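Here are the chains, one letter per residue:
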Amino acid sequence: MESALKRYRIAAYVVGVFLLILTLIAMPLKYLPPHNATLVAIVGPIHGFLYMVYLVVAFDLSMRARWPFTYTLGVLLAGTIPFLSFVAERKVTHRVRAALAATAAEPVKTAAR
C-alpha cells in the first residue's frame, strides 16, 4: 500500500499545481484585458488529463485501504477545488500511514499445531 500512497501523493501535488495555474493565472489572463486564452487552451486539457490519472490513482488507493464510500468520494473531488488536493493529500497520508503502523504493530497469528 506504500507504493499506492506514493503514486497518490505525486498525483495530488501535480493536479493541485496545474489547477492553481489554471485558476490563478490562466483564467484571469483569459477574462482580463488583453484577453489571452492561449494558456487556458494549453493548461486546461493537461489538467483534465492529469485529473483523470488522479482519479484512477486515488481510487486504487481507496480500494487497497478499504475507505468508506463517502471518504473516497471526498478525496476524488479534492482535485477539483484549488488548494484542496494539498489538504486532502496530507489527511490521506496521515490516515494511510496510521493504518500501516497499526497493521505492523499487530502480532502475527500462527496456526497451532
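Refer to the structure presented above.
Residues numbered from 1 in each chain as written. Predicted model: local features only at pLDDT ≥ 70, side-chain atom pairs only at ≥ 80, totals over all residues. Heavy atoms only, no water.

Caption draft 1: Representation of the overall build of the chain within the structure. In terms of helices and strands, the chain carries four helices and zero strands. Along the chain, from the amino end to the carboxyl end, the secondary structure elements read α-α-α-α. The globule rule puts the C-alpha radius of gyration for 113 residues at 13 Å, and the 18 Å found for the chain is more than 25% above it. Considering only C-alpha atoms, the chain reaches an extent of 80 × 20 × 20 Å along its principal axes. Evaluated residue by residue, the chain yields a buried proportion of 30% over its 113 residues. Counted over contacts in the chain with a minimum sequence separation of 6, partners at least 24 positions apart contribute 71%. Counting every atom, the chain has about 7400 Å² of accessible surface; 72% of that belongs to carbon and sulfur. (Helix = DSSP H or I, 4+ residues; strand = E, 2+ residues; numbered from the N terminus. Rg over C-alpha atoms; globule rule 2.2 N^0.38 Å. Buried < 20%, exposed > 50% of the residue type's maximum accessible area, 1.4 Å probe, protein only. Contact = heavy atoms within 4.5 Å. Areas by Shrake-Rupley, 256 points an atom, 1.4 Å probe, with all protein chains shown as cover.)

Caption draft 2: Geometry of a nonpolar patch on the surface. On the surface, Leu24, Ile25, Leu29 and Phe83 cluster together into a nonpolar patch covering about 380 Å² of accessible area. Within the element layout of this structure, Leu24 appears in helix H1 (residues 2-31). With a relative accessible area of 51%, Leu24 lands in the exposed category. (Patch = residues over 30% accessible without salt bridge, like charges linked within 9 Å, V, L, I, M, F, W, Y side chains within 5 Å. Salt bridge = Lys/Arg side-chain N within 4 Å of Asp/Glu carboxyl O.)

Caption draft 3: Just the packing of H1 against helix H4 (residues 84-105), in detail. Close contact between H1 and H4 brings their axes to 9 Å; oriented N to C, the two are set at 170°. Between H1 and H4, the interaxial angle falls into the category roughly antiparallel. Packed against H1, whose contacting residues are Glu2, Leu5, Tyr8, Arg9, Ala12, Tyr13, Gly16, Val17 and Leu20, the element H4 presents Ser85, Phe86, Ala88, Glu89, Arg90, Val92, Thr93, Val96, Arg97 and Leu100 at the interface. (Axes fitted to C-alpha atoms, helices over the stretch in contact; angles between N-to-C directions. Parallel < 35°, antiparallel > 145°, perpendicular 65-115°, else oblique.)

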